[in-house]
Structures are given as C-alpha cells and as structure tokens.
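Residue-level structural notes
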Amino acid sequence: MALKLAGGLHFEDLYDDTGLRRVDALFMQRLETHSPALAARLRDARQAVASEAPPPAKDEATLLIDLAPSVDAFVAELFGIEEAVADLHGRHKALEPLYQVKWKFVKRQAMLKVKPEQLAGFDAAGARSQIERWLGQAFDEVAFARAILAWQESEDTARLEVALHYCAWAAQTPDGRAHHARDVLFRQPDKIDPWSMLAHARTDQQDGVQVFTIQPEHIRRREGFALTDPGTDLRGALDQANYCIGCHNQGKDSCSKGLKDKPDAQGHAAYKKTVFGVKLAGCPLEERISEFQIVKAQGHSLGALAIITIDNPMAAATGHRICNDCMKACIYQKQTPVDIPQAETRTLKDVLELPWGFEIYSLLTRWNPLDLRRPQPRPASGYKVLVAGMGPAGFTLAHHLMNDGHTVVGIDGLKIEPLPAALSGVDPMGERTAFEPIEDVTTLYESLDDRLMAGFGGVAEYGITVRWNKNFLKVIRLLLERRARFTLLGGVRLGGTLTVEDAWALGFDHIALAMGAGKPTVLDIPNGLARGVRTASDFLMALQLTGAAKSDSLANMQIRLPVVVIGGGLTAVDTATESLAYYVVQVEKFLERHEILARMTGEAVMRARWSDEDREIADEFLSHARAIRAEREAAAAEQREPRIVEMLQQWGGVTLAYRKRLVDSPSYTLNHEEVEKALEEGIRFAECLDPRAIDVDARGAARSITLARQLRSDDGRWTDAEGPDAAVTWPARTIFVAAGTQPNTVLAREDAVHFSLDGKYFQAIDEAGQPVKPAYSSSKPDTPEVLLSKAEDGRMVSFFGDLHPSYFGNVVKAMGSARQGYPVVSRVLSRRTPAVATDSAAFSRQLNHLLRARIDRVVRLTPTIVEVVVHAPMAARRFEPGQFYRLQNFEALAPVTELSGARTRLVMEGLALTGAWVDREAGLVSTIVLEMGG
C-alpha cells in the first residue's frame, strides 16, 4: 500500500525542513478549527518560551496532557490510519474496567474486608466455577472486572460477596497468587526489603562458600540468542500507567526529577540515596514520565509517545531491560515501584506497530508540537560537527545537533555494515539515494540469533545482551541516517585515520568525543594472562561483533566449562549468562560440522591433523553436544522442555565470583532484577571471594582458579580470611574478568597538544577555555561541563558519556549527557562563523572520498597469497611504519555457501595486516593476505 499523506503533503516533506513547517502549520490549523482556546494556549506557550519566559512547569504539563488527544487525531488523519488508531484507543478503553476494579474493589474492599486467615477452607475452585457460570465463559479477568462493575450497579450483593472472597483469595494467598500469576487484576504491590529483593533465589554451600542459585521451578530455559524478554503487553503496561499517581501535579515526580534532599554545603542540588548509597537522581533525561503515563492510561498512545520524545527522542534505546533510574527514584519507596520502563517501551511499540508506525515515530523526533522549545528543526546553521563514537551518547548528540540545524558526521572505529539503500537512503558507497516509506515495522526486524551485527550503537550493540531487542538499533540508525544533514562512517578512528588537525583542515567547526570506556581491568595475579583468561568486554564484543553465536558463522571463539566470571557488576552478569548460552551453540555447531567433515574426508583423516590438545577438546565438545542432542530428542518424545541447564551445571556451568556480598555488588544495588533473571538462566553467584592465582595445565591453559575468602569487619572493611581454609580452588577452564573499565583517553597519549588529563578523565574546560572540575558521578550537574579543548581559532572539542566524570555508568546517563550538553555545543559554535561554506551534500561527498575505504583491485600472487589494494586516502596519508590495518568484509555483502547441508556465510574476522606498500598521493594501501589451506 502506498503512503498517501493528507494536506497535500508528500513523503519527502517529512524529511525536509520546509515540509515540516507545513506539517506544523496544518496541525495548528486543525487545532484552531477543533479547539480555538487550546490553539491559543499553545501559541502563547511557544511565544513565552521564545521570549525566555516559559510557563510554570505545572501549567506546561497540563497543556501537554490537554494537547495529547489532538496529536492522536492529527497524526491519524495525516497518515490516513484513523481506523487503526481508533482500534488501538478502543483496546485501551476495553481494559479500563480491569484497573478500576483492581484498585477500588480488590485493594480497597476485598483485601481490607477479608483477611488471609479468614480464607481458611475457602472453596476457590467452587467459587470460580460459580463465577464462570455467571460470566457464561471460562474465567477471564477483564470479563470478571466488567461483571463486578455491573453487579455493583445492580446492587447484586450475593454475587458481590462471592467476588469479594474470591478476589481476597486470589490477591492474598499463595495458592491464589500462583493460580493467577499471569493476571494483573489481583497483583498488588509488595513491601520492599532492600536486603532481600531476589524473590526466588536460594543459597547453597560449596566448599564453605555461600553460593546463590535459583529455585528449580523458576529456571527459565533459554534457547540460544533469540530475544529472551519480549516485555509486557498492553494489559501489563496500562497496569503500570494506572498504578502511577501522576505526582507531577504536586511537583513530586521524583521518577523524573529525583528524590530531592537538602542542598549541600555549596548550595548544589542534592539527592537522597538508597540504603546502599545509590543516588536517587531519577531519569537522567528528565523525561516527563508522570505526564506520559496519564495520557497513556487515557488511551492516547501517539500523544503519550510525543510527550516521551520531547526529552527522549531516542526512546527506542531506553526503557525495558535498559534503564531503571526512574523506578529507583519512584515516589513509592517502601513498596513495589511503578515499572516505568515497561510502560515506556510498550508505548513505543504500540505506535511502531501501527501502519506506518516507524514513519510516525520518526516524524515525532523531528516535528513534535508538544516540544515548546523546538517543535521542528532549526534552520541550517552552516556549522559542521564531527561526532566520534556512535554509541548512545554519540547517536543522541547527533540527533540533537541536527535538530539545532547543524551538519553532523558520525564516525566509529567499528566496521558499520551498510543497510539497504531503499531503507537508509544511502548506498554502500555512501551516495545518497531515494528511500521508501516503511509501512510495517516488522519488515525491519530480524531474529536476534540470526541478526546482522551492524556495528552501529557502541555498547548497545556489543555490550548489551539479547535481553533487549536489538532491532531497535536499526530503528535508531534510520532516524539519523535518512537525514540529509547526517553522514555515517565506520572503520574510522579519531587519532588514527583522522586526527584533530585533519578535522579542522577539512572544515569541521566542532569535535565531540563519545568514545565510551576503553581499557579493561586485568588481573594482576599469577597466570593472569594465561590461555583461557580474557576480559569480559573482549568476550562480549567478540560474541556480538564476529557473529560467533550464529550457526552460519566461521568465527573462531572457544570457551570451555567450567567458566568463572570475576566481578559483581552488570557486565559480569551479562558475561555469565551469555557464556552459558554460547557454550551450547558452540558445541552443537562443532558437532554438526564435525559430522559433515567426517562424511567428506573420513574421521581418521581429520583426526590425524589434530594435536593431543585438539583431540581432548574435540572429544569434550562432541561428548557434550551428543548428550544435548539426546536430551532434545528425549524431551521431544516426552513433550517437555529440554533440561539443558542442569546438564551444563553438571559439567561445571558458570559461576560469578564477587569479592563482597551479593547485596554489596553493583549489579544488585543498581538493578537486582538483572541478577534474578541471570540466576533463572542457570548461573551461580558466589560471594566473598577474591582471585589470587590461576592454575594452568601442562600446555599453559587455565585449569583452575584459587580464590581467597573475604571477611567483612564491623566497620565495613574487607580482608582476607586466615587459616587452612582461607582459600578455595575451583576448576575453571575459562575465566572472564569483569572488574571494570577505564574511560577511553588514549587520545591524551597520542595528542598531548589537544588533550590533557585530570586523573583518569580528560581535563575539562569552561566556555572561556579555563580548566574546571566537573561534578563527579552526577547525572544532573548544575552546569554541564562538557568542553575539553580549545583551538587557537576558537573551535572546541567536547566529551560525553562514559568519557565524562559526571555521566559514566549506563546507557541513559550517556544519553543524558548529550541532552544536557548539546546546548553548550550550539552556544560555542554560534560565537564564530562556520569554517567552510560547503553545503552538507558536498561536504559528505568529500568525506566519502577520503574516509570510505574501497577495493581498488585484487591480485592473486600465488595460489595461497592474495594482494588486496584498497583506495583509502586518509588512511594512506596517516600510515606510519609498524602500524596495522584491520581488514574485514561486510556481512551484508558476504556470499553464503551450502556445503552438505551446512549453511556458511563467508565473513572474515578482522585481520591485523600492515601495509605492504602505501601510495600516499594516490591514496592506495596494499595488504597481503595468506589464504589458509588454499
């Protein structure tokens, strides 16, 4: 179906500044027609903001909520989807009785009038059968809620009495809660014990060490690398939206603004802390949470998303299984908080799943009538900004700078796969082309266990696991890449291919660093770099970016059981879950290919080439893979789920070892739900252990790990235990170190002229160029000090995300740094004229020529040696003897072979190659590749 827009608009207008002004004019015209008073309020509010006298926060919130239905109606008419939007609204309204009964009948009547002890002997099954006869159908919570409202209206006391007792039983008794575990009608908030938040964990002793596991009935049987948590449905999201009390009216929306404490000695804003010392600063983006939940509960999904995107236009990168700062600071501090991330993500999904839903979301990131300060992009400024790093800080900053009128070039050291030109508007050579509207967002989606690892998104691509739907990264990328002011270049490192002086010479007016954390911590213990030991970040990057977890991948990444992960943060938890899942994929893939090769060459011929170690590992993998295969077959015959987790645990499994108690670990104090989810997948969490040595076998590979028991004194200090049982030695063939990372400040060592350090972070400066000390670990500093270098001509460099001492720590803090810092960038840009007058298109073509590597020719020198000549002018100019290039091919363009039924994509892992020769004038680099076994 072709996209036909109302008001004489064409699809191209949605991506054009002039077209967006027409969209806004049409919205105001419709608002004038249907609600003149509301249109006048909106005009007045915009004018007040323009004159730097914005309306009070409460008045602005009221205006946004009042405007939300008009946004729904206008967008529905614009895209011609009135029926679909009405249907979505109707589904919201159909669920209203559920929440009305939940809070007014179940909570305020049933649970108050009927105590658990009064339910002894209550015949719940008989009551349910009676209710089903009255309903004329099998029990359904929505139908039951509607019936209760009808019985209240007709004053049917007999039926209400049965309903009262049944609701009390379902809400308050263990049997009732278990029977209705999937229903929201009877689910009530629990009191919070911060020291015991893992509902289904159990503790065991292993060699005298306390180890946390999950109760067997709560094991979650994960399969490979498909999405592990799809999130809630509309029913669950509206349950949370109705649980929210809308406390912005009282200025108590701490989910957004933080739980305020008395100002500190310097008069700076201060926030309360949890019992673990975690600051309750609320959403780093200060998203209007209370307002969007009210609108969502009213059934206006488009208006709710418009409210979200005022402060969080990149909402696809936040929400469920990404952030919980808002939940931690929720007004409910002594009971279950509102699950805001679930409601936010479901709101986004509800819009995306409409016809043309992606185009609607995309439009709201550029034109948003509820954004009083910038309802549409500002006119082209002529300024050009280089953003180094395309992770959460980088892509959020790129969006805001483009909406401020600037041209943005995003670079990343990772290979970034090309998307189809019909989607992105950019061909593999970087040339702009026409792109098509997306009617069905699911056409963008891929199964996560077979998804193309595109390289875009930084830590969101390689560091976050498949608990989160990484298809959202493609959504975010398209929000940027379709825009004419944006150019995306992969395989370009600032300080290597491109230096600061190069950037100034090319005509950039500003450089923004968003390169994240870099150097990982390594173990300074005996054999700390033995074979089998690697950093957690290296493992996660290799797993995600090489495609090792895919059945058709040739990537060479080996792990053996048992696995021990050192650390207690969320990276450690992710590493533990992914290594357990990867082991199954690895051995099953090994068995399949072993059998194919054995059929082709004979097993004896194949084994003759192996070393003793090869045979040992191969037999181990084959034995485990065959056992898994047998278990799968038995499970299929018995019509049950395979019990693979238990098998992995018998073979040693994955244990996370932390030097303090579980309740002291960052993963628990910051996001205990992730710990419980990990335990559900079958990992173990061993507390109070600190690594002391890695023991190796005769071949130098890790065999076991020795860990010292840690004791906590009354004053909170930790020391090694003493005596014969002071340490334990556990088998460990693979050891992952997740002991934190340092900010990526390599530029300070490479370029001392432009960069200096203040401790482990870059030295920040103010807008005048004077050194300043940014607030440490404060996601909402009074002043966002994001500048770090100033050139003689006034051009400046800024830094964001994990690079910055204020904003390090998680995805949303990184995005918050961009939201708070982009006005600083725009302000310093405005103080000088643009460096070059080139328009965005010509500037992009110049950079494509200089920075986008292209194969010039391929020459086969011998049957096993190939010379590859690459046209890469900037890389050639910057080459120094001893440097290496990384040679890779694109997965999107790689051929696929079918060999004896095994599908294999011929994707190269990155090869480190030096230049055989470099022609700086022609911009050519020659590398020599040896074909193994050719």
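Computed from a prediction, not measured in an experiment: that's the story for all the values here. (Residues numbered from 1 in each chain as written. Predicted model: local features only at pLDDT ≥ 70, side-chain atom pairs only at ≥ 80, totals over all residues. Heavy atoms only, no water.)

Quick look at the overall build of the protein now. In terms of helices and strands, the protein carries 31 helices and 33 strands. In terms of C-alpha radius of gyration, the protein reaches 29 Å, essentially the compact-globule figure of 30 Å for 934 residues. The burial tally for the protein puts 56% of its 934 residues in the buried class. Contacts in the protein between residues at least 24 apart in sequence constitute 72% of all its contacts with a sequence separation of at least 6. Total accessible area on the protein stands at roughly 39400 Å², and carbon and sulfur atoms take up 51% of it. (Helix = DSSP H or I, 4+ residues; strand = E, 2+ residues; numbered from the N terminus. Rg over C-alpha atoms; globule rule 2.2 N^0.38 Å. Buried < 20%, exposed > 50% of the residue type's maximum accessible area, 1.4 Å probe, protein only. Contact = heavy atoms within 4.5 Å. Areas by Shrake-Rupley, 256 points an atom, 1.4 Å probe, with all protein chains shown as cover.)

Glycine aside, residues mostly have negative phi, and peptide bonds are mostly found in the trans state. The omega angle of the peptide bond from Leu-561 to Pro-562 is 0°, so this bond is cis rather than trans. Located in the positive-phi region is Asn-527, a residue other than glycine, with phi close to 65°. Within the element layout of this structure, Asn-527 appears in the loop between β9 (517-520) and β10 (533-535). Despite not being glycine, Cys-688 has its phi angle at roughly 60°, a positive value. Within the secondary structure, Cys-688 sits in the loop between β13 (684-686) and β14 (689-696). In this structure Cys-688 comes out as buried when scored by relative accessible area, which is 15%.

Attention shifts here to the state of the cysteines. Applying the stated criterion across every chain yields a total of 0 disulfides. Free of any disulfide, Cys-247 has its nearest cysteine sulfur in Cys-255, 5.6 Å distant. (Disulfide = S-S within 2.5 Å.)

In this section: the nonpolar core. Counting 157 residues, the largest nonpolar core has Phe-79, Phe-144, Tyr-166, Phe-186 and Phe-358 as the members making the most contacts within it. With 11 residues, helix α3 (residues 57-79) is the single largest residue contributor to this core. Setting aside residues up to four positions removed in sequence, Phe-144 forms contacts with Ile-131, Leu-135, Phe-139, Trp-151, Ala-163, Tyr-166, Cys-167, Leu-185 and Phe-186. The next biggest cluster of nonpolar side chains, apart from the first, holds 54 residues, and it includes Phe-225, Val-563, Ile-644 and Ala-678. (Core = buried A, V, L, I, M, F, W, Y, C linked by side-chain atoms within 4.5 Å.)

Right, let's talk about the packing of helix α1 (residues 17-34) against helix α2 (residues 36-50) for a bit. Relative orientation of the contacting elements α1 and α2 amounts to 135°, with a least axis distance of 5 Å. Considered as vectors, α1 and α2 are oriented oblique to each other. Contact with α1, carried on its side by Asp-24, Phe-27, Met-28, Leu-31, Glu-32 and His-34, involves Pro-36, Leu-38, Ala-39, Leu-42, Arg-43 and Arg-46 of α2 and no other residues of that element. Taken together, the residues that form the contact of α1 with α2 break down as 7 nonpolar, 1 polar and 4 charged. (Axes fitted to C-alpha atoms, helices over the stretch in contact; angles between N-to-C directions. Parallel < 35°, antiparallel > 145°, perpendicular 65-115°, else oblique. Nonpolar A, V, L, I, M, F, W, Y, C, P; charged D, E, K, R; others polar.)

A few words now on the side chain of His-594. By the element assignment, His-594 lies in helix α23 (residues 570-601). A polar contact of 3.3 Å, which involves the side chain of His-594, links it to the side chain of Glu-603. If we ignore the near neighbours within four places in the chain, the residues touching His-594 are Glu-603, Met-606, Trp-610, Leu-622 and Arg-626. (Polar contact = N/O pair within 3.5 Å; in protein donor to acceptor, adjacent residues only side chain to side chain.)

One turn of an α-helix holds 3.6 residues; hence residues three or four places apart share an orientation. Judged by how many residues are buried, helix α10 (residues 234-243) sits mostly within the fold: 8 of 10 residues are covered. Residues of α10 that are buried make contact with α4 (82-94), α5 (96-113), α12 (289-297) and α15 (340-352).

To continue, consider a nonpolar patch on the surface. Side chains of Leu-597, Met-600 and Leu-899 sit close together on the surface and give an oily, nonpolar patch of about 260 Å² of accessible area. Inspection of the secondary structure puts Met-600 in helix α23. (Patch = residues over 30% accessible without salt bridge, like charges linked within 9 Å, V, L, I, M, F, W, Y side chains within 5 Å. Salt bridge = Lys/Arg side-chain N within 4 Å of Asp/Glu carboxyl O.)

An order of β26-β27-β33-β32 is seen for the 4 strands of this open sheet, with the pairing classed as antiparallel. The strands lining the two open edges of the sheet, one partner per strand, are β26 (854-862) and β32 (917-919). Here the strands of the sheet are splayed against their neighbours by 20° on average, with no regard to which way each runs. Bridge analysis of β26 against strand β27 (residues 865-871) gives 7 bridges, and the strand direction is antiparallel. Bridge assignment links Val-859 to a residue of β27, and that residue is Glu-867. (Pairing = 2+ DSSP bridges.)

Honestly, that's just the spatial picture; any functional story needs more than this.
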